[in-house]
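# Per-entry structural report
Here's the letter readout for the chains.
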Amino acid sequence: MATVQIHNTLTKELEPIEPKHGEGKTLSLYTCGPTVYAHAHIGNFRAYVFEDLLQRHLQERGFMVRRVMNLTDVDDKTIRGAHAAGIALAEFTRPFKEAFFEDAKTLRLLPAEAYPEATDPKQITRMIAMIGTLMEKGHAYQAEDGSVYFRIASFPGYGKLARVDLENQRSGQRVASDEYDKEAVADFALWKAWVPEDGAVGWESPWGRGRPGWHIECSAMATGLLGETIDIHCGGVDNIFPHHEAEIAQCECVGAKPFVRYWMHCAHLMVEGSKMAKSAGNFFTLRDLLTQGWTGREVRYALISVHYRGALNFTLDGLAAARTALGRLDAWRERLVETAGSETTSETPAPATEGFFAALDDDLNISSALAVLFETLRETNRRMDEGAWTPAHARGMLNWLVRVDGVLALEPDAITTIPYEVEELVTARAAARTAKEWKKSDEIRDQIEALGWLVKDTKDGQKITKG
Ligand code: AMP
Ligand code: ZN
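Throughout, a residue's number is its position along its own chain's written sequence, starting from 1. For this description, chains carry letters from A and ligands carry numbers from 1, given in the order in which they are written. Since the coordinates come from a predicted model, pLDDT governs what is reported: local features require at least 70, and pairs of side-chain atoms require 80 or more to be given and counted, while whole-chain, interface and lining totals use all residues. Each side-chain value is derived from all of the structure's non-hydrogen atoms; neither hydrogens nor water enter the calculation.

### A few points about the coordination of the zinc ion (ligand 2)
Binding of the zinc ion (ligand 2) to the protein goes through Cys 32 (SG), Cys 218 (SG) and His 243 (NE2), at separations of 2.1 to 2.2 Å. Water is absent from the atoms considered, so a metal site may look incomplete; donors are defined as N, O and S atoms within 2.8 Å of the metal, or 3.2 Å for Na, K and Ca. Here the donor residues for the zinc ion (ligand 2) map to a single chain with the spacing C-x185-C-x24-H. Of this pair, Cys 32 sits in the loop between strand E3 (26-31) and helix H1 (42-60) while Cys 218 is found in helix H5 (residues 214-226), placing the two residues 186 residues apart along the sequence. Take Cys 32 and Cys 218: they sit in the same class, and that class is buried. Per the convention used, a helix needs a DSSP run of H or I reaching at least four residues, while a strand needs a run of E reaching at least two, with both numbered from the N terminus. Each residue's exposure class comes from its accessible area (1.4 Å probe, protein chains only) as a fraction of the maximum for that residue type: buried when under 20%, exposed when over 50%, partly exposed otherwise.

### Some words on empty space enclosed by the protein
Here a cavity means grid points, on a 1 Å grid over the protein atoms only, where a 1.4 Å probe fits yet cannot get out; a pocket means an open set of points with protein on both sides within 12 Å along at least five of seven lines; lining residues are those with an atom within 4 Å of a point. Grid points are joined across faces, edges and corners, and a volume is the space filled by probe spheres set on the points. Following the criterion strictly, the structure yields three cavities of 30 Å³ or more and no others. Here the largest cavity is characterised by a volume of approximately 90 Å³. Contributing to the lining of the largest cavity are Arg 297, Leu 329, Asp 330, Arg 333, Leu 373, Leu 401, Val 404, Asp 405, Leu 408, Leu 410, Glu 411 and Pro 412. Looking at the lining of the largest cavity, the elements with two or more residues in it are helix H9 (316-340) and helix H12 (391-408). Of all the elements, H12 adds the most residues to the lining of the largest cavity, at four residues. Its residues assigned to classes, the lining of the largest cavity comprises seven nonpolar, no polar and five charged. The computed volume of the second largest cavity comes to approximately 80 Å³. Around the second largest cavity, the lining residues are Arg 46, Val 49, Phe 50, Leu 53, Leu 303, Ile 304, Val 306, His 307, Tyr 308, Leu 364 and Ile 366. If you list the elements that add at least two residues to the lining of the second largest cavity, you get H1 and helix H8 (296-304). The leading source of residues in the lining of the second largest cavity is H1, at four residues. The residue classification treats Ala, Val, Leu, Ile, Met, Phe, Trp, Tyr, Cys and Pro as nonpolar and Asp, Glu, Lys and Arg as charged. All others, Gly included, are polar.

Below, the structure written as structure tokens:
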């Protein structure tokens, strides 16, 4: 089996991914999911698309991937949102959960094995049990405010992921909120005592009514579903500190085993030089882009085509480039289908094609992989131009594309039924062309494209494909 190497945030080294001893080819993958207080923005989806590429490539390389993604449906932000909207927490978060699953489908994300929710009573019970163990072992204490805090001084490994220097920290400081910077490193909240702003949100615990901190939620859901040591844990770089640092501390103090073998983090999606974030208000949701006439496939291409650890500056030009690239791939694919005709060989040709997967073995080097894909496209087009390609060659190339699609998931949407309004425009455009009204014909084509469909003029008339 080919070796897949990834950059481990913990060691800052490239490391070959290997399953745990005795686990066959199975890998567990935990991916921090959305905090459902708003629609996920495409920065969040950069993280999810990167994780999807990782999962798909590992599967292509013969691994069985067991992936879990949590939904954070109780934390400081969701409670604040529900309070501002004047509705119950579950009522507030439900539409954002539903929207997340719709968006994930639009972006062709493989479903996870489980999507545990932090408010699930089973999960809350597990969180309380973990905090109980931390209390018993002296890693946690209840403070005067009634909340339970993790004592970072009790865990010598604290700071190893984010490389926080504990020497210069003032010990005994506490931080109650879920998010804070490295400068504010301090004992963090495991269980937050109920306060009036929490309203109806709260669960009974040995430390009184309250709610879990964000970090213990992920620790409990991850280890509860995937076991004490998880193979790969992913998120965006903003999760490294404090969230993942806290997750390590909690899990490694409850059990004695290493919590995670490989940590992987994607760089932020930026907008004009700053991080795209809900709190900064500079974000696009997928829905915004779909309304503007972009497709999920185009957004997926734009997000996937830059290496996950590289900065990605999100622009509409980038989406336009994605549209062009996909158009080239689609035209090539159609040409291969035409050339292959009824040829059914199951062989896959060797030219350069393994290079695509080999590039992804190298820490998901997508730029090199796409370079192989487009080089193969150019080369085969040239061969077809020369008439040097047989149907068997073309079918072989299509066989290879099936594997590529399995990893990139950028194939065209299967054409099902063309919507009535698109049909009407196609008919109107045919009439305009017969009348040689070229300007009008172009305008109608733009209207059709705005609805997410592409028109190609062939000798047999207009061909419509999903954009
Ligand atoms: P949140 O809903 O804020 O908990 O974030 C969900 C996931 O999206 C986490 O893995 C974050 O690290 C990731 N994320 C948030 N903002 C960005 C961004 N601008 N670029 C890439 N990933 C992000
Ligand atoms: Zn998490």
